[in-house]
Amino acid sequence: MKSFALALLAVTLVAADKPTPRQKARELLDSAAEMIAATKPDVQPVALMHLADNYQTFDKKKAIEYFKQAFAAAILPPTGQGPFARSTQMEIVVALTTLDTAEGIALLKQMEPPTAGYDNRSFAASRVIGALLQQNQIQGAIDLADYMGSSGTYPFSGVSQIMAKLPPGDNQFAAVFTSALSAYTVKPDRGFVSLVMRYHKDLPAGLAEAALPRILGAILSGKGDIPYDAQTFSSSKGTATFTSREESELFDVAPLVREIDPKRYEDLLATHAELRSAMQLFPGGGPSVADDHGITIYTVSSSGKSSYDASVKRAADALNNRMKLAALINSRAEAALVAAAQDPDKALDLVGEIPSSPKQAEVLARIAQSVGEKDAAKARRVLSRCITLLDDVKYPEDRVIAWDAVAGAAIVIKDDAILQRAIDRMLADAAELYKEDTNTDRPNRAWRENWPSTQAYRRAVIRAAKLLSVDAEPVLQKIIDPDQNVLARITMAQALLERPFDRFQTYGGRQRQ
């Protein structure tokens, strides 16, 4: 009896010494904070941003300071004005705004305009405007929109939020729209077209009619035009392709033209064959496409003029063919997943019609997760089929996506053995991807934040935290790159805090099959 009491006491002491998930998360974040100073210039901004995002759970003031440090790191050479740096600056501003709106606005105003291409400040400003409106600071939101317009980027999406907050009869409603129209006249932007399409019925008489000629004038004159790659919409209704920006933008506004000026609408259909074809399939124009969840939209590149080198044409044609195949793969995968909710057996039959083994494996795992709560035995059979397929998948990035889905299913059916196997395979594939990312002949020149190997390690540590909880830290020892280790460490802390992570976009990896 005495020995049993001593054993029970020992177990109790061990349990008392073990940190809670929250305590372990803070420990991981604090250790990451000490490691960040030694990371590479492209890692410091994103590492500090993720650190700040998670540290707000413990210390809001310190989190704000980390966000400000992240922004400062993102604007320093050699990161500077590159696309990854600008995107990171935008994300920092948006995230900081949720903690301290004034600080977010201050950093937003420090963002420099790009020398060319998309201006990230517009998106960031729209999100800041959204935060101001949540605090009922309508005038502050209007003032910020005007300020951003004067600095060269009018936040049409943010202005749309302002108009949604104002009652249609409010004098400011028409005034805000008029300011947006003036900004569009100076610098055309498709965001204004979306705004008009949404609110034209609420505007005072004559305003929508005044805006339409300016919109059509900008579209038909090519004002503000930039290089355009053909865009295809594919759904169960059919396929429509726009080979010019003019046709595509007319599609956005066509329903409004039809309502306000029927004759002009018929004239446009008569002179624009692609528009005519698209409106037959999608009578609601651009807005209806956005509401069609079964649609696949993809962009293809021009094969070039006849004077182009033959190899350039072949490369463009190959890219176009891959995009078409990707659209087909995604549409069939979506059909199988939709069917899984009502008829799992039908969904399993549809999987065979997906022309991609990696996607088949991923969809099988997601079907297993879908049926797992009600039928664990069936989920295991589906996972067995999935894992058999994975044995023949060639590229590690493809395997990682599917193994992550397997891990998700294993969690649902509470099968720790399958979950551990999935984690081990993801770690092995991540190590293989790291060799590709650091290949001296063809190194990945994207920021480490978006390397395929970084994202694979993240997927693995998230699942490890679910399986092992506070005992998951030893998994980090398998990540030999110190920069990736810092990023994964923060991700593990986020998983222990049960905060979802969904930033898995990759750049620079091999073309997925």
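A quick note: this is a predicted structure, and the numbers were derived from the prediction, not measured.

A.B. asks: Is there a simple way to explain the overall build of the protein in this structure?
C.D. replies: A count of helical and extended segments in the protein gives 24 helices and three strands. Put simply, the protein has 513 residues, and 47% of those count as buried. Long-range pairs, those at least 24 residues apart, make up 65% of the contacts in the protein between residues at least 6 apart in sequence.

A.B. asks: Would you explain helix H5 (residues 83-99) in this entry?
C.D. replies: Given 3.6 residues to a turn, an α-helix orients residues that are three or four positions apart in the same direction. For H5, built from 17 residues, the straight-helix expectation of 24 Å at 1.5 Å per residue is met to within 8% by its first-to-last C-alpha distance of 25 Å. Buried within H5 are the following residues: Ala-85, Arg-86, Thr-88, Gln-89, Met-90, Ile-92, Val-93, Val-94, Ala-95, Leu-96, Thr-97 and Leu-99. The inward-facing, buried residues of H5 contact helix H3 (44-55), helix H4 (60-74), helix H6 (101-108) and helix H7 (120-134).

A.B. asks: Would you mind showing me how to read the packing of aromatic side chains here?
C.D. replies: We describe a pair of aromatic rings using the distance from one ring centre to the other and the angle between the two ring planes. Inspection of every chain in the model, using the stated rule, returns 13 aromatic pairs. Note on Tyr-184 and Phe-192: the rings are 4.8 Å apart at their centroids and 25 degrees apart in plane angle, and the pair reads as stacked. Judged by centre distance (6.4 Å) and plane angle (70 degrees), the ring pair of Phe-251 and Phe-282 falls under edge-to-face. A residue pair is termed long-range when its members are at least 10 positions apart, and Phe-251 in helix H13 (residues 245-260) and Phe-282 in the loop between helix H15 (273-281) and helix H16 (285-290) qualify at 31 residues. The pair formed by Phe-251 and Phe-282 is uniform in burial state, with each residue classed as buried. Here the aromatic residues Tyr-154, Phe-156, Phe-177, Tyr-184 and Phe-192 are joined through ring pairs into a cluster of three or more. Here the basic side chain of Lys-109 rests over the ring of Tyr-147, its NZ or CZ set 4.4 Å away from the ring centre. Looking at Arg-459, its charged tip hangs above the ring of Phe-504, at a distance of 4.1 Å from the centre.

A.B. asks: Looking at this model, I keep getting lost on the packing of helix H19 (residues 357-372) against helix H21 (residues 396-413). Mind explaining?
C.D. replies: A pair of packed helices is captured by two measures, namely the crossing angle of their axes and the spacing between those axes. Contact pair H19 / H21: the axes reach a minimum separation of 8 Å and the direction vectors enclose 10 degrees. In terms of orientation, H19 and H21 fall into the roughly parallel class. Contact residues: Pro-358, Ala-361, Glu-362, Ala-365, Arg-366, Ala-368, Gln-369 and Gly-372 in H19; Asp-398, Ile-401, Ala-402, Ala-405, Val-406, Gly-408, Ala-409, Val-412 and Ile-413 in H21. Residues that form the contact of H19 with H21 fall into these classes: 11 nonpolar, three polar and three charged.

Conventions we followed
Residues numbered from 1 in each chain as written. Predicted model: local features only at pLDDT ≥ 70, side-chain atom pairs only at ≥ 80, totals over all residues. Heavy atoms only, no water. Helix = DSSP H or I, 4+ residues; strand = E, 2+ residues; numbered from the N terminus. Buried < 20%, exposed > 50% of the residue type's maximum accessible area, 1.4 Å probe, protein only. Contact = heavy atoms within 4.5 Å. Expected span 1.5 Å × (residues − 1). Phe/Tyr/Trp six-rings, centres within 6.5 Å; stacked < 30°, edge-to-face > 60°. Lys NZ or Arg CZ within 6 Å of the ring centre and 35° of its normal. Axes fitted to C-alpha atoms, helices over the stretch in contact; angles between N-to-C directions. Parallel < 35°, antiparallel > 145°, perpendicular 65-115°, else oblique. Nonpolar A, V, L, I, M, F, W, Y, C, P; charged D, E, K, R; others polar.

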